[in-house]
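Here is what each chain is made of, one letter per residue.
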Amino acid sequence: AVRRLLCPGPAGESVVLPVRQLALRASYPMDKCAKFQKIDPNVIMGADPEKNTFFWFSFIDIPRPNSENTSADCYITMSWPCLDAKGNKLDETAAPLVPATSQERLALMKRMVKGWAEPMRSIIADLPDNTHVREISIMKWLPEKGAWDTRGGRVTIAGDAAHPMSSCECSS
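Starting from 1, residues in each chain are numbered consecutively following that chain's sequence as written. Since the coordinates come from a predicted model, pLDDT governs what is reported: local features require at least 70, and pairs of side-chain atoms require 80 or more to be given and counted, while whole-chain, interface and lining totals use all residues. Think of the side-chain values as coming from all heavy atoms in the structure, minus any hydrogens and water.

Novice: Can you help me understand the pattern of salt bridges in this one?
Specialist: Between side chains of opposite charge, a pair can form when the charged atoms approach closely. The salt bridge definition used is simple: a Lys or Arg side-chain nitrogen within 4 Å of an Asp or Glu carboxyl oxygen. Per the counting criterion, the structure on display carries four salt bridges. In this structure, the salt-bridge partner of R25 is D73, at a minimum N-O distance of 3.5 Å. Here R25, found in strand 1 (residues 15-29), pairs with D73, found in strand 4 (residues 71-81); they are 48 residues apart in sequence, far enough to count as distant. For each residue, the accessible area found with a 1.4 Å probe, counting protein chains only, is set against the maximum for its type, and the residue is called buried under 20%, exposed over 50%, and partly exposed in between. Take D73: its relative accessible area is 25%, and that puts it in the partly exposed class. Taking the shortest distance from any N to any O, the salt bridge between K32 and D126 comes out at 2.8 Å. Of this pair, K32 sits in helix 2 (residues 30-39) while D126 is found in the loop between helix 4 (120-125) and strand 5 (133-140), placing the two residues 94 residues apart along the sequence. With relative accessibility at 16%, the residue K32 sits in the buried group. Assessed through its relative accessible area of 45%, D126 is described here as partly exposed. Strands are runs of DSSP state E lasting at least two residues, helices are runs of H or I lasting at least four, and both sets are numbered from the N terminus onward.

If you want it as structure tokens, here you go:
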């Protein structure tokens with residue numbers, strides 16, 4: 001809202017990046033999570049260079065010691081580009097379209113992890129068929145120099161608020 005106020009019109013609009021991303025929240029038994037935590041206690045991420053796919057797994061909530069809850073809430077995303085390094089559109093074999101239904105999205109994710117190492121493969125492969133998977137649009141905003149209305153010097157935007165960065169760009 002602040003950005004649209006200070007930078008009205010097309011100059012204040014976000015741009016959808018040529019990346020497809022699926023995301024889900026799942027519950028995993030803590031005994032299974034122990035395998036994940038041997039890799040990292042909080043986050044697992046990696047990429048498949050053959051399928052050009054990025055994978056993210058993180059814990060949202062882990063049961064406290066002596067809790068009756070025996071499962072952890074986890075967040076998982078998978079993403080892949082729609083364009084090659086030269087900006088040419090990739091075909092559907094290299095960059096699958098995001099299916100319309102959650103069930104089809106989960107099936108796509110399960111196909112994409114075939115051949116992956118454990119425990120990354122089973123993180124996706126073992127998800128129940130009723131897992132809700134949604135598409136995430138990855139967006140960014142590139143502010144144009146001089147396009148901001150500073151309200152006579154009384155308002156400014158700094159840091160990430162001035163140039164939001166997508167999750168895909170954090171390691172660039």
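Novice: Before we go on, may I ask you to explain the packing of aromatic side chains in this structure?
Specialist: Each aromatic ring pair is specified by the distance between its two centres and by the angle formed by the two planes. Working definition: a ring pair exists when centres of Phe, Tyr or Trp rings (six-membered ring for Trp) sit within 6.5 Å. Plane angles under 30 degrees give stacked, over 60 give edge-to-face, the rest tilted. For the structure on display, the rule yields five aromatic pairs. A ring pair is formed by Y28 and F57, whose centres lie 6.0 Å apart and whose planes are at 65°; its orientation type is edge-to-face. Taken together, the positions of Y28 in strand 1 and F57 in strand 3 (residues 53-61) put the pair 29 residues apart, joining distant regions of the chain. You'll find Y28 and F57 in the same group, each marked buried. Relative to F59, the ring of F57 lies with its centre 5.2 Å away and its plane at 85°, an arrangement referred to as edge-to-face. Of the aromatic side chains, those joined through ring pairs into one cluster are Y28, F36, F57 and F59.

Novice: I tried to follow the nonpolar core on my own but got confused; where do I start?
Specialist: Across soluble globular proteins, you tend to see nonpolar side chains buried next to one another. Definition used in this section: a nonpolar core is a set of buried Ala, Val, Leu, Ile, Met, Phe, Trp, Tyr and Cys residues joined via side-chain atoms within 4.5 Å. Ranked by size, the top nonpolar core spans 27 residues in total, and within it Y28, F55, F57 and I76 carry the most contacts. Here this core gets five residues from one element, more than from any other, and that element is strand 4. Two residues qualify as a contact provided that any one of their heavy atoms is within 4.5 Å of a heavy atom in the partner residue. If near-sequence neighbours (up to four positions away) are discounted, I76 is found in contact with L22, A23, L24, Y28, F55, W56, F57, M109, I123 and I124.

Novice: What is the right way to read helix 2 from this model?
Specialist: When we look at burial in helix 2, the residues that qualify are K32, C33 and F36. The arc that holds the buried residues of helix 2, viewed along the axis, is 95°, so those residues lie on one side. Set apart from the buried face of helix 2 by more than 90 degrees, the exposed residues are D31, K35 and K38. For this quantity, the arc is that covered by the directions from the helix axis to the C-beta atoms.

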